[in-house]
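Breakdown of the fold
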Amino acid sequence: MGTLNTRCFVCKKAVTPETSTLNPVVNLPVCQVCKGTGAEQKEEKDVLDSLADGFVCGCI
Ligand SMILES: [Zn+2]
């Protein structure tokens, strides 16, 4: 209660605003360990892909 349940979107570890940075691409927090890594870029793509799936309306 009152504690933000914030996790690094790459490694899924709990982070705080002090130990993480907001990734501007996916608007999710990333920890200092994952920031700037290839893993971060891969997860970025995965998140964007899953968001894109949500926007597909199926009206093909
Ligand atoms: Zn991380």
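Right, let's walk through the structure included here. (Residues numbered from 1 in each chain as written. Predicted model: local features only at pLDDT ≥ 70, side-chain atom pairs only at ≥ 80, totals over all residues. Heavy atoms only, no water.)

Remarks on the environment of Glu 18
- As for its position among the elements, Glu 18 is in the segment before strand E1 (20-23).
- Taking C-alpha positions, Glu 18 is 9.7 Å from Gln 32, a pair spaced 14 residues apart along the chain. (Helix = DSSP H or I, 4+ residues; strand = E, 2+ residues; numbered from the N terminus.)

Some points on the coordination of the zinc ion
- Around the zinc ion, the protein supplies Cys 8 (SG), Cys 11 (SG), Cys 31 (SG) and Cys 34 (SG) as donor atoms, at distances of 2.2 to 2.3 Å.
- Seen from the zinc ion, its four donor atoms lie at angles of 104 to 115°, and the figure they make is tetrahedral.
- When the donor residues of the zinc ion are listed from N- to C-terminus, their spacing reads C-x2-C-x19-C-x2-C. Linking Cys 8 in the segment before E1 with Cys 34 in the loop between strand E2 (28-31) and helix H1 (38-55), this pair joins segments that are 26 residues apart in sequence. Each of the two residues, Cys 8 as well as Cys 34, counts as buried. (Donors = N, O, S within 2.8 Å, 3.2 Å for Na, K, Ca; no water. Tetrahedral: all angles 85-135°; square planar, octahedral: opposite > 155°, others 65-115°. Buried < 20%, exposed > 50% of the residue type's maximum accessible area, 1.4 Å probe, protein only.)

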